[in-house]
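Coordinate analysis (summary)
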Amino acid sequence: METYEVLVRPLITEKTTKQMSQGKYTFIVHEKANVQMVKKAVEEAFNVKVKDINIGKIFGKKKRVRNSFSRTPTYKKAIVTLYPGYKIDVIQNV
């Protein structure tokens with residue numbers, strides 16, 4: 001898998017914006033990506049040094065629309081912790 005295919009997009013919410021001050025950045029990653037792939041992709045794409053990565057799978061929720069049911073998409077997210085002194089400007093690099 002190529003480096004640019006691993007990182008789908010950054011996940012920007014209130015909680016993740018708060019974590020950015022601690023050096024933690026959240027990305028939605030490819031379903032088949034693992035920790036080594038994500039680490040390599042982040043270091044190459046943003047020219048930073050990665051300290052730790054936590055990956056979790058977020059399962060879609062069932063939603064009701066009138067008489068039928070639909071499901072929100074399932075995705076995988078990675079929380080990337082950087083060494084002190086490194087930063088990613090997520091808004092500018094999107």
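My aim in this report is to walk through the structure given alongside it, one point at a time. Please read these numbers as outputs of a predicted model, since none were measured by experiment.

About the criteria used
- Residues numbered from 1 in each chain as written.
- Predicted model: local features only at pLDDT ≥ 70, side-chain atom pairs only at ≥ 80, totals over all residues.
- Heavy atoms only, no water.
- Helix = DSSP H or I, 4+ residues; strand = E, 2+ residues; numbered from the N terminus.
- Expected span 1.5 Å × (residues − 1).
- Buried < 20%, exposed > 50% of the residue type's maximum accessible area, 1.4 Å probe, protein only.
- Arc of directions from axis to C-beta.
- Polar contact = N/O pair within 3.5 Å; in protein donor to acceptor, adjacent residues only side chain to side chain.
- Core = buried A, V, L, I, M, F, W, Y, C linked by side-chain atoms within 4.5 Å.
- Contact = heavy atoms within 4.5 Å.

The next subject is helix α3 (residues 35-46). Between its first and last C-alpha atoms α3 spans 16 Å; for 12 residues at 1.5 Å apiece the expected length is 16 Å, and the two agree. All of the buried residues along α3 are V38, A41, V42 and F46. Down the axis, α3 shows its buried residues gathered within 95° of arc, on one side only. Two or three places before Q36, at the opening of α3, N34 has a side-chain oxygen 3.3 Å from that residue's backbone nitrogen. Phi turns positive one or two residues past the end of α3, at N47, with a value near 55°.

F27, V38, V42, V80 and I88 are the most contacted members of the largest nonpolar core, which totals 18 residues. For this core, the secondary structure elements donating two or more residues are β2 (24-29), α3, β3 (50-58) and β6 (75-82). Considering each element in turn, this core owes the most residues, four residues, to α3. If near-sequence neighbours (up to four positions away) are discounted, V42 is found in contact with L7, F27, N47, V48, V50, V80 and I88.

With respect to the secondary-structure elements, F59 resides in the loop between β3 and β4 (62-65). The exposure class of F59 is exposed, given its relative accessible area of 59%. With 14 residues separating them in the primary sequence, F59 and P73 have C-alpha atoms 7.3 Å apart.

This part covers the environment of Y83. With respect to the secondary-structure elements, Y83 resides in the loop between β6 and α4 (90-93). Since its relative accessible area comes to 37%, Y83 is described here as partly exposed. In contact with Y83, other than residues within four places in its own chain, are K49, V50 and K51.

Nothing here speaks to function; it is geometry throughout.
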